[in-house]
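Residue-level structural notes
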Amino acid sequence: PELTAPDEIRVIITRYNEATSTPNTDHDGYHHTITLASMRAAADCLKGPEHHVPLFRVLADLMASRLGQSDWLLEHWERGTLFSVVARRSWVEPDRAPLPFD
């Protein structure tokens, strides 16, 4: 459950970054909008009809899809918006196209 709550995932990732000497600044480390968009993509993949398929297979399929490519986010956000300090610190709605899932 802690991996599905936005505030909890922020704590987990920022603590991991600190433990691995990755700074969490306005330009590096944790990025809230990217994290939540990625979590929504994974959750959408997991709620498909293949609920009996092992998690590793579902995630492998996700990574092999368009959503597994790092630039998929730019279909939904302008680069300047996505990489802004505001988007790094909090959720920013897509400004190019809505996400194809909740």
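Structural data are supplied above this passage.
In what follows, the accompanying structure is described. No experiment lies behind these values; they were computed from the predicted model shown.

So, about the packing of helix α2 (residues 32-46) against helix α3 (residues 55-64). Viewed as axis vectors pointing N to C, α2 and α3 meet at an angle of 125 degrees, and their least axial separation amounts to 10 Å. Here α2 is positioned oblique relative to α3, judged by the angle of their axes. In terms of crossing hand, the pair formed by α2 and α3 is right-handed. Touching Ala41, Ala42, Cys45 and Leu46 of α2 are Leu55, Val58 and Leu62, all from α3. When its residues are assigned to classes, the contact of α2 with α3 shows 7 nonpolar, no polar and no charged.

Bringing the packing of aromatic side chains into the picture now. By the definition in use, this model includes 2 aromatic pairs. Ring geometry for Trp72 and Phe101: centres 6.1 Å apart, planes at 55 degrees, overall tilted. Here the residue Trp72 occupies a position in the loop between α3 and α4 (79-82), and Phe101 occupies one in the segment after α5 (85-89), the gap between them amounting to 29 residues. The burial state of Trp72 is the same as that of Phe101; both residues are buried. Aromatic side chains Trp77 and Trp91 sit 5.7 Å apart centroid to centroid with 85 degrees between the ring planes, which places their arrangement in the edge-to-face category. Of this pair, Trp77 sits in the loop between α3 and α4 while Trp91 sits in the segment after α5; the two residues are 14 residues apart in sequence, bridging distant segments of the chain. According to the relative accessible area criterion, Trp77 is buried, its value standing at 0%. Note that Arg40 overlies the ring of Trp91, its terminal NZ or CZ placed 4.1 Å from the centroid.

Turning our eyes to something else, we now look at a nonpolar patch on the surface. Taken together, the side chains of Leu46, Leu55 and Leu59 present a nonpolar region at the surface, about 250 Å² in accessible area. Position of Leu46 among the secondary structure elements: in helix α2.

One can describe the packing of helix α1 (residues 6-19) onto α2 by two numbers: an axis separation of 11 Å at closest approach and a directional angle of 115 degrees. In this structure, the crossing between α1 and α2 has a hand that is right-handed. For the pair α1 and α2, contact is made by Pro6, Ile9, Arg10 and Ile13 and by His32, Thr35, Leu36 and Met39, respectively. Split into classes, the residues belonging to the contact of α1 with α2 amount to 5 nonpolar, 2 polar and 1 charged.

This part covers the pattern of salt bridges. With the rule as written, the count across this model stands at 4 salt bridges. The closest approach of N and O atoms between Arg66 and Asp71, which form a salt bridge, is 2.7 Å. Arg66 sits in the partly exposed class, given a relative accessible area of 32%. Classification of Asp71 as partly exposed rests on a relative accessible area of 39%. Between Arg66 and Glu75 there is a salt bridge, with the nearest N and O atoms lying 2.6 Å from each other. On the basis of relative accessibility, which here comes to 37%, the residue Glu75 falls in the partly exposed class. In the salt-bridge network here, residues are joined through shared partners; they are Arg66, Asp71 and Glu75.

Rules behind the numbers
Residues numbered from 1 in each chain as written. Predicted model: local features only at pLDDT ≥ 70, side-chain atom pairs only at ≥ 80, totals over all residues. Heavy atoms only, no water. Axes fitted to C-alpha atoms, helices over the stretch in contact; angles between N-to-C directions. Helix = DSSP H or I, 4+ residues; strand = E, 2+ residues; numbered from the N terminus. Parallel < 35°, antiparallel > 145°, perpendicular 65-115°, else oblique. Left-handed = near helix turned anticlockwise from the far one by under 90°. Contact = heavy atoms within 4.5 Å. Nonpolar A, V, L, I, M, F, W, Y, C, P; charged D, E, K, R; others polar. Phe/Tyr/Trp six-rings, centres within 6.5 Å; stacked < 30°, edge-to-face > 60°. Buried < 20%, exposed > 50% of the residue type's maximum accessible area, 1.4 Å probe, protein only. Lys NZ or Arg CZ within 6 Å of the ring centre and 35° of its normal. Patch = residues over 30% accessible without salt bridge, like charges linked within 9 Å, V, L, I, M, F, W, Y side chains within 5 Å. Areas by Shrake-Rupley, 256 points an atom, 1.4 Å probe, with all protein chains shown as cover. Salt bridge = Lys/Arg side-chain N within 4 Å of Asp/Glu carboxyl O.

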